[in-house]
Amino acid sequence: MSNKLSFSGHEKFACKHFWLKKGYDHFSVKRKVGEEYDVIELGVGKNMVSSIKHWTKAFGLLNDSSLEPTQIGEYLLGEAGKDIYLEDFGSIWLLHYLLIKTNKSSLYSLVFNDFRKEKIDFTKEQLIRFVERKCNEQKADTFNKTTVQSDVDVLIRNYVKPEIESKGELEDEFSCLMLELNLINEFHQIIDKKKQTWFKIEVDEKDDLPWQIVLYSILDNWQGQTSISFNSLVTESDSPALVFALTQEGLYSKIKQMETAYKRYIKYDETAGNRVLQIKSTLTKQIILDDYYQA
């Protein structure tokens, strides 16, 4: 994961459901070099080619520089991939985590790790100002309002189910990969007699989020640690409560499911008011994914 703030690269296209497999197959094995070859092979325009390449890297499926398959990319989408067409709902949740963790598209990490601690109801302009503040705090020279506004527009299209006026729009906009997660919704308020568009990060118990994907994220984020405080799982960067917009009750429920399924490896302890998740080092994130996809 890169700590550097990075914006743009998507060419103003949200990620469509079939793009990741299409991009993974093409860019991981391509032998010829050149935009014309990519356009012909992928069957899309030049800007869309760039967008597909961007998203395969942003989701951590291809290496950012070499375009070699990453371990998780090969696992999901490779020749013997566990879910090459991304039909399993858990895979979409996993990709959401990877998008934030990879941080190639920094807006997603900023929104779910930082911005949501301040606001869960927001306007686009509020989010843009927040990104500007974060860039200034980090003394980053990457802030450009036009670029960030484009990033915000694409994030909204990735996660927010649109209000559709035509069948053509319906087919295009509802093909975006992350919509079914229902993580961000749109609503309207009348302020000073003017209708304003607002968005809300839906923080709830996430009954449709597989506990195995939550456990994978914990093992990935706290590699090698065998004792993790509940507070860390709620507040630290890339923690499951932040990334998946889980309430504390929702996170607790997922942990109890983990404990029940892996009694030999996992223990949740609340001794003396200290809530701690204990995990034996022999339990790995690879075991979790293998068990999940073989179930």
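What you see is a predicted model; the values in this text were computed from it and never measured. (Residues numbered from 1 in each chain as written. Predicted model: local features only at pLDDT ≥ 70, side-chain atom pairs only at ≥ 80, totals over all residues. Heavy atoms only, no water.)

Relative orientation of the contacting elements helix α5 (residues 89-102) and helix α6 (residues 106-118) amounts to 100°, with a least axis distance of 7 Å. Classified by the interaxial angle, the pair formed by α5 and α6 is roughly perpendicular. Contact with α5, carried on its side by H96, L99 and I100, involves Y108, S109, F112 and N113 of α6 and no other residues of that element. (Axes fitted to C-alpha atoms, helices over the stretch in contact; angles between N-to-C directions. Helix = DSSP H or I, 4+ residues; strand = E, 2+ residues; numbered from the N terminus. Parallel < 35°, antiparallel > 145°, perpendicular 65-115°, else oblique. Contact = heavy atoms within 4.5 Å.)

The next thing to look at is the pattern of salt bridges. With the rule as written, the count across this model stands at 12 salt bridges. Between K57 and D64 there is a salt bridge, and its shortest N-O distance comes to 3.6 Å. In this structure, the salt-bridge partner of K124 is D153, at a minimum N-O distance of 2.8 Å. With K124 in helix α7 (residues 124-137) and D153 in helix α8 (residues 145-159), the pair connects residues that are 29 residues apart, well separated along the chain. The class of K124 is partly exposed, set by a relative accessible area of 31%. What makes D153 partly exposed here is its relative accessible area of 24%. (Salt bridge = Lys/Arg side-chain N within 4 Å of Asp/Glu carboxyl O. Buried < 20%, exposed > 50% of the residue type's maximum accessible area, 1.4 Å probe, protein only.)

Position of K57 among the secondary structure elements: in helix α3 (residues 46-58). You can call K57 buried: its relative accessible area is 14%. Along the sequence, K57 and S105 sit 48 residues apart, while their C-alpha atoms lie 9.3 Å from each other. If sequence neighbours within four positions are ignored, K57 has contacts with L62, N63, D64, L67, T102 and K104.

By the definition in use, this model includes 19 aromatic pairs. On the numbers, 5.6 Å between centres and 70° between planes, the contact of Y252 with Y268 is edge-to-face. In this pair, Y252 is assigned in helix α13 (residues 248-261) and Y268 in strand β5 (residues 266-269), connecting sequence segments 16 residues apart. By relative accessible area, which is 34% here, Y252 ends up partly exposed. Taking the relative accessible area as the measure of exposure, Y268 reaches 7% and is therefore buried. Pairing Y292 with Y293 gives two aromatic rings, centres 5.0 Å apart and planes at 80°, and the pair type is edge-to-face. Neither Y292 nor Y293 differs from the other in exposure class; each is buried. Clustering of aromatic rings is evident, with ring pairs tying together W55, F59, Y108, F112 and Y159. The side chain of K16 reaches across the aromatic face of W19, ending 5.4 Å from its centre. (Phe/Tyr/Trp six-rings, centres within 6.5 Å; stacked < 30°, edge-to-face > 60°. Lys NZ or Arg CZ within 6 Å of the ring centre and 35° of its normal.)

Below, the discussion takes up the nonpolar core. By size, the foremost hydrophobic cluster in this structure holds 90 residues, and its most contacted members are L20, W55, F59, Y159, I184 and L215. With 8 residues, α5 is the single largest residue contributor to this core. Contact partners of L20, with chain neighbours within four places excluded, come to C15, W55, T56, F59, L61, L77, L86, L95 and L177. (Core = buried A, V, L, I, M, F, W, Y, C linked by side-chain atoms within 4.5 Å.)

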